[in-house]
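Chain by chain, the residues:
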Amino acid sequence: MPSLDSSFLGIHGTALALREQRLQLLAGNIANADTPGFKAQDLDFQTALRAALQPAGPGDAIDTAVAASQYAPASLQPSLDGNTVDGERAKAAFAQASLEYRASLSFVEAKVRGMLTAITGQ
């Protein structure tokens, strides 16, 4: 039996979960911008989405996709203490990822509203 996520929400539920994971990585970068030796991380969303939609084996498809598509972004100028977070770029990436998350959330909300309309007839 297909899960509610795959049958009702389709790609939007998966996209929302992956966008949330990316936001967590980016927030971690911002929070650790002054931590010596911290290496910035990001998520290739397109790669993660493809992997999550075609799971290769047992386990949580989202976690597997995130693990397979994480990468360390190129640092233009790492700090002397080995930290690779560029604060301004990290904040810009977080702002863009927030907008993308909100767009995915809007699609999910529209699906739910449509289902509620169908159920209640209003």
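Residues numbered from 1 in each chain as written. Predicted model: local features only at pLDDT ≥ 70, side-chain atom pairs only at ≥ 80, totals over all residues. Heavy atoms only, no water.

Per an unreviewed UniProt entry, the chain goes by the name Flagellar basal body rod protein FlgB and belongs to Lysobacter zhanggongensis. Regarding the chain, the relevant UniProt record gives this comment under Function (unreviewed entry): "Structural component of flagellum, the bacterial motility apparatus. Part of the rod structure of flagellar basal body." (UniProt positions renumbered as here; feature names shortened; annotations may be inferred.)

Let us now look at the overall build of the chain. Assigned secondary structure in the chain consists of five helices and two strands. Going from the N terminus to the C terminus, the chain shows its helices and strands as α-α-β-α-α-β-α. Since a compact globule built from 122 residues should have a radius of gyration of about 14 Å, the 17 Å found for the chain marks it as more spread out than a globular shape. When its C-alpha atoms are laid out on the principal axes, the chain stretches across 60 × 35 × 20 Å. Counting over 122 residues, the chain shows a buried share of 28%. Here the analysis covers contacts within the chain between residues at least 6 apart in sequence; of these, 76% occur between residues at least 24 apart. Approximately 7,800 Å² of the chain is accessible, and the part contributed by carbon and sulfur atoms is 60%. Positive and negative side-chain charges of the chain, numbering 9 and 12 respectively, have mean locations separated by a distance of 6 Å. (Helix = DSSP H or I, 4+ residues; strand = E, 2+ residues; numbered from the N terminus. Rg over C-alpha atoms; globule rule 2.2 N^0.38 Å. Buried < 20%, exposed > 50% of the residue type's maximum accessible area, 1.4 Å probe, protein only. Contact = heavy atoms within 4.5 Å. Areas by Shrake-Rupley, 256 points an atom, 1.4 Å probe, with all protein chains shown as cover. Lys, Arg positive; Asp, Glu negative; His and termini not counted. Charge placed at Lys NZ, Arg CZ, Asp CG, Glu CD.)

Let us look at helix α2 (residues 11-31). In this model α2 runs 30 Å from its N-terminal to its C-terminal C-alpha over 21 residues, within 8% of the 30 Å that 1.5 Å per residue would give. Buried within α2 are the following residues: Gly-13, Thr-14, Ala-15, Leu-16, Leu-18, Arg-19, Arg-22, Leu-23, Leu-25, Leu-26 and Asn-29. (Expected span 1.5 Å × (residues − 1).)

With numbering aligned to this structure, UniProt lists the feature "domain: Flagellar basal body rod protein N-terminal" (unreviewed entry) at residues 11-39. Measuring from the first to the last C-alpha atom of residues 11-39 gives 31 Å, for a span that is 72% helix and 0% strand.

Okay, the side chain of Ser-104 next. Counting through the fold element by element, Ser-104 comes out in helix α5 (residues 87-120). At a separation of 2.8 Å, a polar atom in the side chain of Ser-104 contacts the side chain of Arg-19. With residues near it in sequence (within four places) discarded, Ser-104 still touches Ala-15, Leu-16 and Arg-19. (Polar contact = N/O pair within 3.5 Å; in protein donor to acceptor, adjacent residues only side chain to side chain.)

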